[in-house]
Amino acid sequence: MKYDWQWSVFLQMASDGSGTWLHYLFVGLLWTLATALAAWVIALTIGATVGTLRTTPIRWVVRLGNAYVEIFRNVPLLVQMFLWFFVMPELLPARLGDAIKQMPPPWGSYVPAVLCLGIYTSVRVAEQIRAGIQSLPRGQHMAGTALGLTLPQTYRYVLLPMAFRIILPPLTSEFLNVIKNSSVALTIGLLELTGRARAMQELTFKVFEAFAAATVLYLLTNLIIVLLMRVLERRLRVPGFIGSAPQGTAGH
Amino acid sequence: MIEFKKVSKWYGSFQVLKDCSTYVDKGQVVVVCGPSGSGKSTLIKCVNGLEPFQEGDVIVNSESVGRAGANLNRLRAKIGMVFQHFELFPHMSVIQNLNLAQTKVLGRSREEATEKSTALLKRVGLQAHAQKFPGQLSGGQQQRVAIARGLAMDPIAMLFDEPTSALDPEMINEVLDVMVELAHEGMTMMVVSHEMGFARKVAHRVIFMDQGEIVEDASKDEFFGSPRSERAQVFLSKILHH
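This one's a predicted model, so the numbers in the text were calculated from it and none came from an experiment.

Peer 1: What is the right way to look at the interface of chain B and chain A in this model?
Peer 2: In many analyses, interface size is given as the accessible surface area lost on bringing the parts together. Residue-level contacts link 32 residues of chain B with 28 residues of chain A. Buried area between chain B and chain A, summed over both chains or domains, comes out near 2,500 Å², and the portion from carbon and sulfur atoms is 65%. Among the residues chain B hides against chain A, the three largest losses belong to Glu 87, Pro 90 and His 91 of chain B. Together they make up 22% of the total. Counting the contacts that link chain B with chain A gives 0 salt bridges. In this structure, the connection of chain B to chain A is made through 5 residue pairs in polar contact (both at pLDDT 80 or more). Contributions of two or more residues to the side of chain B that touches chain A are made by α2 (72-77), β6 (79-82), α3 (94-104) and α5 (139-151) of chain B. Within the side of chain B that touches chain A, the residues separate by chemical class into 17 nonpolar, 8 polar and 7 charged.

This is the structure:
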């Protein structure tokens, strides 16, 4: 294959006049981060709550949690994105729906994108939290209960701190997924990194350069997240629990 | 102090406890033994409501455990429990393990709790390990921490569910020594165990269970001298021969 790379395109003025194409993509990266981080906060909050509730002995709460998880994990992200953007405002009371539709760009796309991505990811987080709690020995719950701790206290002080440590590696993958999945928001008009790479490609015809830059930016961002999560894992490591257990320690 | 009144429990259609009636008087040590699956662990977990039961009742300190709306958390705070697999909280240091319920359940200040915990760790010979984590201790040490954790709540009785059966042989005695000392101090204890040496030394009564039934409930001398039931005789001959 012969291709005439023209990296200098990044120093040319972007069509919207805000700066160079490099600057244009960089702003896209910031929107990607703003979308993903806000969605991640929603995902962790709802996911931790729903995942925890699904392990309680209260049956109707478990069923409600199950329904929530099954609805949002069995519909494609792209479809959910369209539902939040096109359908959700119509289902709300007219005033509120209109207010959402009339939000100035990019907020009109940003808000549905964050909600969609946050809830979509919360379901996956919920599954992991549930698995983490259920992977703990049953005796841990009993020991907390036997000491007189209430159910919420047992979760807060005994079960969740260990469950979170156990699921930290898959949670890292989930964090990376939010960053990557935020690219779907371009379909509802959010000019995040992928959206801007496409815009650049259409306006400059430099498809390889545009997407090469986007690839590198995604890769760097996620590598930084991986490193940060590694640091977190190391700081939260329980002495003697995973990996460095001394010889002759039975029971766990 | 603890009284079982015709307690029955089912898992689905399988009956794990059949009309169990017995008692533990204040200051008594009662050892519960029997083959595995006989319901002995289930029986002692009825005392603090860790295992719900369908029929009968358990009365602890004149409070009903089985009554609907019983304040189980308050009851549990007064009864120490030691498990087969220790069940220390792995993400907390030894001293934090001892402090947790003291501060969160009894409302003691951190200083008060730490003082109490330190004294108890000294008593079980582990004051030097206060800042270590459970994973850094041997099984015997972990179980002694678990006993101290129970004692930190100033319990009116202690329950032991096979406290030495997950331990390497050389660590069993360090745990039993702590328990013997407790018994001599007059702690009310219900102990599920196959350590017949321990039973001989400190038990007031021995209960033998088989298939969910209390087959034999006798004083220590009676039980070891002349067990009445054939099942208890067979069981004893099996576990005393090695």
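Peer 1: Help me understand the state of the cysteines, please; the structure alone is not making it clear to me.
Peer 2: As used in these notes, a disulfide is a covalent bond between sulfur atoms, one from each of two cysteines. Inspection of every chain in the model, using the stated rule, returns 0 disulfides over all chains. Cys 33 of chain B takes part in no disulfide bond, and the closest cysteine sulfur, belonging to Cys 20 of chain B, lies 14 Å away.

Peer 1: Sorry if this is basic, but what is going on with the side chain of Asn 97 of chain B here?
Peer 2: Residue and element names in this part refer to chain B. You can see Asn 97 is positioned in helix α3. A polar contact is formed between the side chain of Asn 97 and the backbone oxygen of Met 92, at a distance of 3.1 Å. A polar contact of 3.4 Å, which involves the side chain of Asn 97, links it to the side chain of Arg 149. Leaving out residues up to four positions away in the same chain, Asn 97 has contacts with Leu 88, Phe 89, Met 92, Pro 134 and Arg 149.

What counts and what doesn't
- Residues numbered from 1 in each chain as written.
- Chains lettered and ligands numbered in written order.
- Predicted model: local features only at pLDDT ≥ 70, side-chain atom pairs only at ≥ 80, totals over all residues.
- Heavy atoms only, no water.
- Contact = heavy atoms within 4.5 Å.
- Buried area = accessible area lost by both parts, 1.4 Å probe.
- Salt bridge = Lys/Arg side-chain N within 4 Å of Asp/Glu carboxyl O.
- Polar contact = N/O pair within 3.5 Å; in protein donor to acceptor, adjacent residues only side chain to side chain.
- Helix = DSSP H or I, 4+ residues; strand = E, 2+ residues; numbered from the N terminus.
- Nonpolar A, V, L, I, M, F, W, Y, C, P; charged D, E, K, R; others polar.
- Disulfide = S-S within 2.5 Å.

Everything listed here is a matter of geometry and, on its own, says nothing about what the molecule does.
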